[in-house]
Amino acid sequence: MEDTRTKKWLALLLSFIIPGVGQIYNKQWKKTIIIWALFFIGVLIYSLTESDLLAILAALFLFVVWVYQLYDAYKEAK
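Bear in mind the structure is a predicted one, so any value in this text is a computation, not a measurement.

Which parts of the structure should I look at to understand the overall build of the chain?
Looking only at helices and strands, one finds four helices and zero strands in the chain. In sequence order, the chain lays out its α and β elements as α-α-α-α. On the principal axes, the C-alpha backbone points of the chain span a range of 50 × 20 × 15 Å. Here the chain holds 78 residues, and the buried ones make up 27% of them. Nonlocal contacts in the chain, meaning residues at least 24 apart in sequence, comprise 54% of its contacts between residues at least 6 apart. When the accessible surface of the chain is split by element, carbon and sulfur atoms take 75% of a total near 5600 Å². Positive and negative side-chain charges in the chain, numbering 8 and 6 respectively, have mean positions lying 13 Å apart.

Even after reading the chapter, I still don't get the packing of aromatic side chains, so can you show me in this structure?
Under the counting rule described, the total for this entry stands at three aromatic pairs. Centre to centre, the rings of Phe16 and Trp66 are 5.4 Å apart; their planes meet at 50 degrees, and the pair counts as tilted. With a gap of 50 residues between them, Phe16 in helix 1 (residues 2-17) and Trp66 in helix 4 (residues 52-76) connect regions that are remote in the sequence. Aromatic pair Phe63 and Trp66: ring centres 6.3 Å apart, planes at 40 degrees, arrangement tilted. In this pair, Phe63 and Trp66 both sit in helix 4, three residues apart, roughly one turn of the helix. With relative accessibility at 23%, the residue Trp66 sits in the partly exposed group. The structure contains a cluster of three or more aromatic residues connected by ring pairs, namely Phe16, Phe63 and Trp66.

Teacher, can you tell me more about the environment of Thr32 here?
Secondary-structure assignment places Thr32 in helix 3 (residues 29-48). Exposure remark for Thr32: the relative accessible area of 3% places this residue in the buried category. Taking the C-alpha atoms as reference points, Thr32 and Gly22, 10 residues apart in sequence, are found 8.5 Å from one another. Setting aside residues up to four positions removed in sequence, Thr32 forms contacts with Gly20, Gln23 and Ile24.

Conventions we followed
Residues numbered from 1 in each chain as written. Predicted model: local features only at pLDDT ≥ 70, side-chain atom pairs only at ≥ 80, totals over all residues. Heavy atoms only, no water. Helix = DSSP H or I, 4+ residues; strand = E, 2+ residues; numbered from the N terminus. Buried < 20%, exposed > 50% of the residue type's maximum accessible area, 1.4 Å probe, protein only. Contact = heavy atoms within 4.5 Å. Areas by Shrake-Rupley, 256 points an atom, 1.4 Å probe, with all protein chains shown as cover. Lys, Arg positive; Asp, Glu negative; His and termini not counted. Charge placed at Lys NZ, Arg CZ, Asp CG, Glu CD. Phe/Tyr/Trp six-rings, centres within 6.5 Å; stacked < 30°, edge-to-face > 60°.

What follows is the structure in structure tokens.
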């Protein structure tokens with residue numbers, strides 16, 4: 001039981017530091033690629049936009065993806 005809890009927290013910590021690394025730890029390669037692609041798209045939109053509203057929406061999108069990948073890394077760790 002303790003080992004599973006440790007793995008869950010390690011996956012969460014890894015994802016907190018670098019998004020997607022918790023999924024790598026959990027051996028979820030497809031999710032890692034999807035998360036990195038979503039982050040790339042969000043950062044690209046954020047950095048290239050001249051609209052304040054679009055920049056705020058891109059930042060919100062990045063935050064939602066970051067929180068989701070934290071939750072997923074913790075939930076999927078076994």
